[in-house]
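Structural features, examined
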Amino acid sequence: MTETNLESLKIEAKKEIENSFDLGQIGEVFRKYLGKQGEIARILRSLDSLPKEKRAEIGKQANDFKNFINLKIEEKIKELKEKSGKGSGGKEWIDITAPGKKPSVGHLHPLTLIRRKTEEIFQTMGFSTIEGPEIESVWYNFDALNIPKDHPARDAWDTFYLKDGMLLRAHTSPVQIRFMEKNNPPFRIIVPGRIFRHEATDPSHEFDFYQLEGLMVGEDISAANFKAVIQEFYRRFFGKPVKIRLIPSFFPFTEPSFQVDMSCVNCSGKGCPACKRTGWLEMMGAGMVHPNVFKYAGLNPKGLTGFAFGMGLDRLAMMKYKINNIRLFHSGDLRFLQQF
Ligand code: FA5
C-alpha cells in the first residue's frame, strides 16, 4: 500500500458516497471501506509486511482516511434523512434500516399456573374438575352447609352481600351441595374458583383470592384416605415430601374437622411475616363430611362417608414460589409478574 494508492482509494470512496441516494447504498459503502473485511481493515492488516520506517506513516494515513470516510458518510446520512423528511411533508421520517422492536409476548399468571398444576395432579388421582357460580345464594353458601341463620359460625366468613339478597361466595364449599344434588356417590371432585371476603389484607390475607375445594364420597372413606391423598398431592406438587401437620379445627359442615398447616418455605419454619412468625402457614380447612350436609343435598347419609377440603391456591403459590406477600399476586406489578 502506497500513499498514491490511498489517495486514489479516497477519491473513489468520496465519489461512491456522493452518488449514494439511499441509506441502503450508504450501508454498502460503509461495509466496503470500514467493515471488518473492508479496505481499511485490509490496509491495517498489511502493515506488518511493510518496512519499519513506512509502517507508522501508512498507519497514520489509513487512520486519517478512516476518519475522512466516517465524516463523509455521516454528512450523507444527515442529508438523506433531511431529504426524505421533506418527501413526506417534513413531518415524519422512517428509517427502514433501523432494527425492529421485539413485541413482548404475554404469559400465564402465576395463580393460573398453580391452578393448572393442581388440577392436573388431582385429575391423575381420579378427581374431576367442576365449577360453580361466583354469585351465590345464602342457602348454598351457608344454610345447606349446616350453618344456620344467626349461628356465630357464619361470622367466620366475612361476606359481601349484594342488594338482591344474593352474595359473593365466601368459599368454594357451596359447590359441594350443587354437585351432590345432581350426582350420586361414589365420586371425587375438585372445584377451583375465585372467592371473596370482606377482610382486611395482610401478607397472608387477601379479600379476593382463590380456593380449590375437594370432595370424595363413597363407602368407607376415612380421614386416613384424606391424609394419604393430600400428602401425595403435596409430594407431586413440590417434587419432594413436605412437612405438614393436621390440627383439630371446626367447620359446621365437617365432623371431625382439621386444619392443614405447612412448614413455611419462606423461612424454612424459622418464622417470618408470611407465616406470622410461627413457622407454619395454614394451607387448608378439611374434615369428614357432616351427615346433615348429605341430607341438605338430598342424599341419604346412611352408610355414606366422605372427606372434603378447601385449600387456598394463593397460599400454595406463596409456598411454591417463596413469595412472602400474598398481595403481590393481584398487584398488577409487571416487575413481579414477569418473573414467572
Ligand atoms: C373454608 O373456607 C372452608 N370452606 C374450607 C373447608 C372446605 C373446610 C371443606 C372443610 C371442608 P377457611 O376459611 O379456613 O375455610 O379457608 C380455607 C383456606 O383458604 C385457608 O386454609 C387458607 O389457605 C385460605 N384462605 C382463607 N382466608 C384467606 C384469605 N383472606 N386470603 C388468602 N387465603 C385465604
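A short tour of the structure in this document, coming up. Positions within a chain are numbered from 1, following the residues in the order the chain's sequence is written. This being a predicted model, a pLDDT of at least 70 is required before a residue's local features are given, and a value of 80 or more before pairs of side-chain atoms are given or counted; all residues contribute to the totals for chains, interfaces and linings. Calculated side-chain values reflect all of the structure's heavy atoms, with hydrogen atoms and water omitted.

1. A short note on the overall build of the chain
As a reminder, the rule being used: Elements are defined by DSSP. Helices are runs of H or I of four residues or more, strands are runs of E of two residues or more, and each kind is numbered from the N terminus. We take the radius of gyration over the C-alpha atoms and set the globule estimate at 2.2 Å times the residue count to the 0.38 power. For every residue, the accessible area obtained with a 1.4 Å probe (protein chains only) is divided by the maximum for its type, and the residue is called buried under 20%, exposed over 50%, and partly exposed between those limits. Only the protein chains shown count as cover for residues, and the accessible areas themselves come from Shrake-Rupley with a 1.4 Å probe. We score Asp and Glu as negative and Lys and Arg as positive, and we do not count His or the chain ends. A charged residue contributes its charge at one atom only: NZ of Lys, CZ of Arg, CG of Asp or CD of Glu.
Scanning the chain from terminus to terminus reveals 11 helices and 10 strands. A globule of 340 residues ought to have a C-alpha radius of gyration of about 20 Å, yet the chain, at 36 Å, is considerably larger. A total of 340 residues make up the chain; the buried ones form 42% of that total. If you sum the accessible surface of the chain, you get close to 19000 Å²; carbon and sulfur atoms cover 52% of it. Charged side chains in the chain number 50 positive and 42 negative. The centres of these two groups are separated by 4 Å.

2. Describing the sheet that holds strand β1 (residues 128–129)
Our working rule: Note: two strands are recorded as paired if DSSP finds a minimum of 2 bridges between them.
Read from one edge to the other, the open sheet built from 7 strands follows the order β1-β5-β6-β10-β9-β8-β7, with strand pairing classed as mixed. Edge strands, defined here as strands with exactly one partner in the open sheet, are β1 and β7 (244–251). Across 7 bridges, the pairing between β7 and strand β8 (residues 254–263) is antiparallel. The residue bridging I244 from the neighbouring strand is M262, located in β8.

3. Comments concerning the environment of I96
Position of I96 relative to the elements: it lies in the loop between α4 (52–87) and α5 (110–124). Residue I96 is classed as exposed on the basis of its relative accessible area, which comes to 77%. For the pair I96 and S128, spaced 32 residues apart in the sequence, the C-alpha separation amounts to 54 Å.

4. What about the side chain of T118?
Put simply, the rule is: When checking whether two residues touch, look at their non-hydrogen atoms; a contact exists if any pair is within 4.5 Å.
Following the sequence through the fold, T118 ends up in helix α5. In contact with T118, other than residues within four places in its own chain, are L212, F233, F237, M311, L313 and L316.

5. Concerning the site of the ligand
This is how the line gets drawn: Distances are taken per atom, and a residue is near a molecule or strand as soon as one of its heavy atoms is within 4 Å of it. Between N or O atoms, a polar contact is any pair within 3.5 Å; within protein, one atom must be a potential hydrogen donor and the other a potential acceptor, and residues adjacent in sequence are included only when both atoms are from side chains. Here a cavity means grid points, on a 1 Å grid over the protein atoms only, where a 1.4 Å probe fits yet cannot get out; a pocket means an open set of points with protein on both sides within 12 Å along at least five of seven lines; lining residues are those with an atom within 4 Å of a point. Cavities and pockets are treated as containing a molecule whenever more than half of the molecule's atoms lie within 2 Å of their grid points.
Close contacts around the ligand come from 26 residues, with H171, S173, R197, E206 and E282 the closest. M284 has a polar backbone atom sitting 3.2 Å from an oxygen atom of the ligand. Contact with the protein chains hides 95% of the accessible area of the ligand, taken as 670 Å² for the molecule alone. More than half of the atoms belonging to the ligand lie within 2 Å of the grid points that define the largest pocket. Sorting the residues of the shell around the ligand by element identifies β6 (208–218), β9 (280–289) and β10 (305–312) as the ones contributing at least two each.

6. Side note on the nonpolar core
Looking at soluble globular proteins, one finds that nonpolar side chains tend to be buried together. So the rule is basically this: Residues belong to a common nonpolar core when they are buried Ala, Val, Leu, Ile, Met, Phe, Trp, Tyr or Cys residues joined through side-chain atoms within 4.5 Å.
By size, the foremost hydrophobic cluster in this structure holds 44 residues, and its most contacted members are F122, Y234, F309, M311 and L316. Every element with two or more residues in this core is listed here: α5, β6, α8 (223–238), β8, β9, β10, α10 (313–321) and α11 (334–337). Considering every element that reaches this core, the biggest residue donor is α8, with 7 residues. In this structure, Y234 is in contact with G239, K240, V242, I244, V260, M262, M283, M284 and L316, ignoring residues within four places of it in sequence. Counting residues in each nonpolar core, the second largest holds 27 residues, with F251, F253, V289 and A308 among its members.

7. Things to note about the sheet that holds strand β3 (residues 160–161)
Taken in spatial order, the 3 strands of this open sheet run β2-β4-β3, and their pairing is antiparallel. Since the sheet does not close on itself, it has two edges, and those belong to β2 (135–136) and β3, each with one partner. In the sheet, β2 pairs with strand β4 (residues 167–168) via 2 bridges, with the strands oriented antiparallel. What sits directly across from I135, in β4, is L168.

8. Regarding α8
Put simply, the test is: Expected span of a helix, by definition, is 1.5 Å for each gap between consecutive residues, and there is one gap fewer than residues. Arc, as used here, means the arc of the directions from the helix axis to the C-beta atoms.
The terminal C-alpha atoms of α8, which comprises 16 residues, lie 22 Å apart, in line with the 22 Å expected from a rise of 1.5 Å per residue. When α8 is considered as a whole, its buried residues turn out to be F226, V229, I230, F233, Y234, F237 and F238. Each buried residue of α8 lies within a common arc of 140 degrees when the element is viewed along its axis, so the set occupies one face. Of the surrounding secondary structure, the elements contacted by the buried residues of α8 are α5, β7, β8, β9, β10 and α10.

9. Considerations on the pattern of salt bridges
As a reminder, the rule being used: The salt bridge definition used is simple: a Lys or Arg side-chain nitrogen within 4 Å of an Asp or Glu carboxyl oxygen.
For the structure shown, the criterion picks out 17 salt bridges. Salt-bridge contacts for E136 lead to R178; the nearest nitrogen and oxygen are separated by 2.8 Å. A residue pair is termed long-range when its members are at least 10 positions apart, and E136 in strand β2 and R178 in helix α7 (residues 174–182) qualify at 42 residues. Looking at E136, the relative accessible area reads 0%, which means it is buried. Ionic pairing is found between D261 and R245, a salt bridge with its closest N-O pair at 3.0 Å. Highlighted residues: D261 in strand β8 and R245 in strand β7, separated in sequence by 16 residues. Given the relative accessible area of 4%, D261 is considered buried. Owing to a relative accessible area of 32%, R245 belongs among the partly exposed residues under this scheme.

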